[in-house]
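Residue-level structure breakdown
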Amino acid sequence: MRTSVVAPYAAYLRVYEPLAAFPEPERARWAAYAATQAAGGPASPEASPTVEPTAREHRSGLENLLATPPVVAPAHESEEAYVQLLDGVTVVCPRQTRLRCWTALAQLRREYPPTVLDAFWPRVVLDQAHVDHERWKADHPDVHPHIHSSTWHVPVRWFVLFTPDERVVVPAAEGSSAGPGELYYRTPMVQARRRIARALKVLRETIEDGALITGLESVGRWLEEFHPRAMVELDYGGLVRLLSTEDPSEENSVGDVVEGIAALGSGDGARASAAYRRITERWQSVRALEHAS
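One structure accompanies this document, and this report is about it. In every chain, residue numbers begin from 1 and rise along the written sequence. Side-chain atom pairs in this predicted model are given and counted only at pLDDT of 80 or more, local residue features only at pLDDT of at least 70, and totals for whole chains, interfaces and linings cover all residues. The basis for every side-chain value is the complete set of non-hydrogen atoms in the structure, without hydrogens or water.

1. Observations regarding the nonpolar core
Our working rule: Buried Ala, Val, Leu, Ile, Met, Phe, Trp, Tyr and Cys residues that are joined via side-chain atoms within 4.5 Å together make up what is termed a nonpolar core. For each residue, the accessible area found with a 1.4 Å probe, counting protein chains only, is set against the maximum for its type, and the residue is called buried under 20%, exposed over 50%, and partly exposed in between. Only DSSP runs of H or I reaching four residues or more are called helices, and only runs of E reaching two or more are called strands; each is numbered from the N terminus. It only takes one pair of heavy atoms within 4.5 Å for two residues to be counted as in contact.
Of all hydrophobic cores here, the largest spans 39 residues; its most connected members are Val154, Phe159, Leu161, Leu223, Leu234, Tyr236 and Trp283. Per-element accounting of this core gives the leading share, seven residues, to helix 7 (residues 189-206). Here leucine 161 is in contact with Leu13, Glu166, Thr187, Ala192, Arg195, Ile196, Val219, Leu223 and Val232, once residues within four sequence places are set aside. Core analysis: the second largest hydrophobic core is formed by 13 residues, Leu99, Leu108, Leu117 and Trp136 among them.

Here is the structure:
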């Protein structure tokens, strides 16, 4: 068992906010950080500045988990961020590694009994991390993770935020052994919120309450915490290596979700079921690799 912060086959849903969204002195710090990043090369919609920082995060996380005693969350918060441009405006997604570790651990504590967690981490380490997290939340009630992650699959609810024309494919460098390249979707926050609202309206009118609706509602509440001029990014991360096709541009889960919701809205249940079946079968085959020897 490991948290999704350090898993190599994980996808990420990120929110990038404009500098104006951050209070001082944090705003000035991120402005200086973004300027330093830009000095090394301008960010652009085609740029892929997330790969090396994410790889470093994986390495650091694994080293912490293998330490004696294991470190379930860094002692200090990351001072790094992902930086992009949205319509010429610099937007920043803080890494928040410590907060994300705490959040992942809290989720594990909700999903598994203490006897299971004790097999992986000493109880005293888990208890101290919980105390540290609760103390931090009391001092920072309005701070939320800018990044959600998911191991071995992309949750269906994440696809709702995007459309196929927002796909960004970064081919692998010639001669690279890193896999088929990178796959992203990026959209303005206003579009992501609008698509969630439309999808929820259709789903509530056509299907019974369930995991899809509650999950989409949760994503919607999370997005409401951020600046309206933010950018939302779905990064397939290491999962792009596990796709059945060698060409990331052929991965069409977003298109299947768009088709499925449209079909539900028009009363075409058969077409909606076919789209949903394609998605579930595609990602079931990816998740099966987790247990492959």
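2. Considerations on the packing of aromatic side chains
Quick reminder of the rule: Here the aromatic set is Phe, Tyr and Trp, taking the six-membered ring for Trp, and pairing holds for ring centres within 6.5 Å; pairs whose planes are under 30 degrees apart are stacked, those over 60 apart are edge-to-face, and all others are tilted. Placement of a positive charge over a ring is assigned whenever Lys NZ or Arg CZ falls within 6 Å of the ring centre and within 35 degrees of the normal to the ring plane.
Taken as a whole and judged by the stated rule, the model has eight aromatic pairs. Ring geometry for tryptophan 102 and tryptophan 136: centres 6.1 Å apart, planes at 55°, overall tilted. Highlighted residues: tryptophan 102 in helix 3 (residues 97-111) and tryptophan 136 in helix 5 (residues 123-139), separated in sequence by 34 residues. When sorted by exposure, tryptophan 102 lands in the same class as tryptophan 136, which is buried. Counting every residue linked through ring pairs, the aromatic cluster contains Phe159, Phe162, Tyr185, Tyr236 and Trp283. Across the ring face of tyrosine 82, the terminal group of arginine 14 is positioned such that the distance to the ring centre comes to 4.4 Å. Looking at arginine 29, its charged tip hangs above the ring of tryptophan 30, at a distance of 4.5 Å from the centre.

3. Here's the deal with helix 5
The condition is simple: Under the convention used throughout, the expected extent of a helix is 1.5 Å for every residue step, that is, one less than its residue count. The directions considered for the arc are those from the helix axis to the C-beta atoms.
When the terminal C-alpha atoms of helix 5 are compared, their 25 Å separation across 17 residues agrees well with the 24 Å that a helix rising 1.5 Å per residue should span. Inspection of helix 5 places Val125, Leu126, Ala129, His133 and Trp136 among the buried residues, and these make up the whole buried set. Buried positions in helix 5, seen along its axis, are confined to an arc of 95° and lie on one side of it. Along helix 5, exposed side chains directed more than 90 degrees from the buried face belong to Val124, Ala138 and Asp139. On its buried face, helix 5 is in contact with helix 3 and helix 4 (114-118).

4. Considerations on the side chain of glutamate 17
To keep it simple, the criterion reads: We define a polar contact as two N or O atoms separated by no more than 3.5 Å, with the added condition that, inside protein, one atom must be a possible hydrogen donor and the other a possible acceptor, whereas residues neighbouring each other in sequence contribute only through side-chain atom pairs.
For glutamate 17, the location among the structural elements is in strand 1 (residues 10-18). Only 2.8 Å separates the side chain of glutamate 17 from the side chain of histidine 146, close enough to count as a polar contact.

5. Digging into the pairing of strand 1
Note the cut-off: The rule for pairing is simple: two strands pair if DSSP sees at least two bridges between them.
Most of strand 1 is tucked away: nine of the nine residues are buried. On strand 1, burial covers both faces: Ala10, Tyr12, Arg14, Tyr16 and Pro18 on one face and Ala11, Leu13, Val15 and Glu17 on the other are all buried. Judged from the five bridges that link them, strand 1 and strand 4 (residues 147-151) form a sheet pairing that is antiparallel. Counterpart to arginine 14 in the pairing with strand 4 is isoleucine 147. With five bridges connecting them, strand 1 and strand 7 (residues 231-235) associate as antiparallel partners. Paired with tyrosine 16 across the bridge in strand 7 is methionine 231. Relative to strand 3 (residues 89-94), strand 1 runs antiparallel, the two being bridged by two bridges. Its bridge partner lying in strand 3, proline 18 is registered against valine 91.

6. Remarks on the packing of helix 7 against helix 8 (residues 211-223)
Basically, it comes down to this: Lines are fitted to the C-alpha atoms to define the axes, a helix being fitted only along its stretch in contact, and any angle between axes, read from their N-to-C directions, falls within 0 to 180 degrees. Put simply, angles under 35 degrees are roughly parallel, angles over 145 are roughly antiparallel, angles from 65 to 115 are roughly perpendicular, and the rest are oblique. Put simply, a crossing is left-handed when the front helix is turned counterclockwise from the back one by less than a right angle, and right-handed when it is turned clockwise. Each residue is assigned to one class: nonpolar for Ala, Val, Leu, Ile, Met, Phe, Trp, Tyr, Cys and Pro, charged for Asp, Glu, Lys and Arg, and polar for all the others, Gly among them.
Closest axis-to-axis distance for the helix 7/helix 8 pair is 10 Å, and the angle between their directions is 155°. The orientation of helix 7 with respect to helix 8, classified from their angle, is roughly antiparallel. Regarding helix 7 and helix 8, the two cross each other, and that crossing is left-handed. Facing helix 7, whose interface residues are Met189, Ala192, Arg193, Ile196, Ala199, Leu200, Leu203 and Arg204, helix 8 presents Leu212, Ile213, Leu216, Glu217, Val219, Gly220 and Leu223. A breakdown of the residues in the contact of helix 7 with helix 8 according to their chemical character gives 11 nonpolar, one polar and three charged.

7. Concerning the environment of alanine 199
Its place among the elements puts alanine 199 in helix 7. Once the C-alpha coordinates of alanine 199 and leucine 216 are considered, the two residues, 17 residues apart in sequence, prove to be 8.6 Å apart. Sequence-distant contacts of alanine 199, defined by excluding residues within four places in its chain, comprise Val160, Leu216 and Ile261.

8. A look at the pattern of salt bridges
Just so we agree on the cut-off: Think of a salt bridge as a Lys or Arg side-chain nitrogen and an Asp or Glu carboxyl oxygen that are within 4 Å of each other.
Throughout the structure, instances matching the rule amount to 17 salt bridges. With a shortest N-O distance of 3.0 Å, glutamate 166 and arginine 195 are connected by a salt bridge. Placement of the pair is glutamate 166 in the loop between helix 6 (156-159) and strand 5 (167-171) and arginine 195 in helix 7, with a sequence separation of 29 residues. Each of the two residues, glutamate 166 as well as arginine 195, counts as buried.

Note that all results are geometric; they support no functional claim without further evidence.
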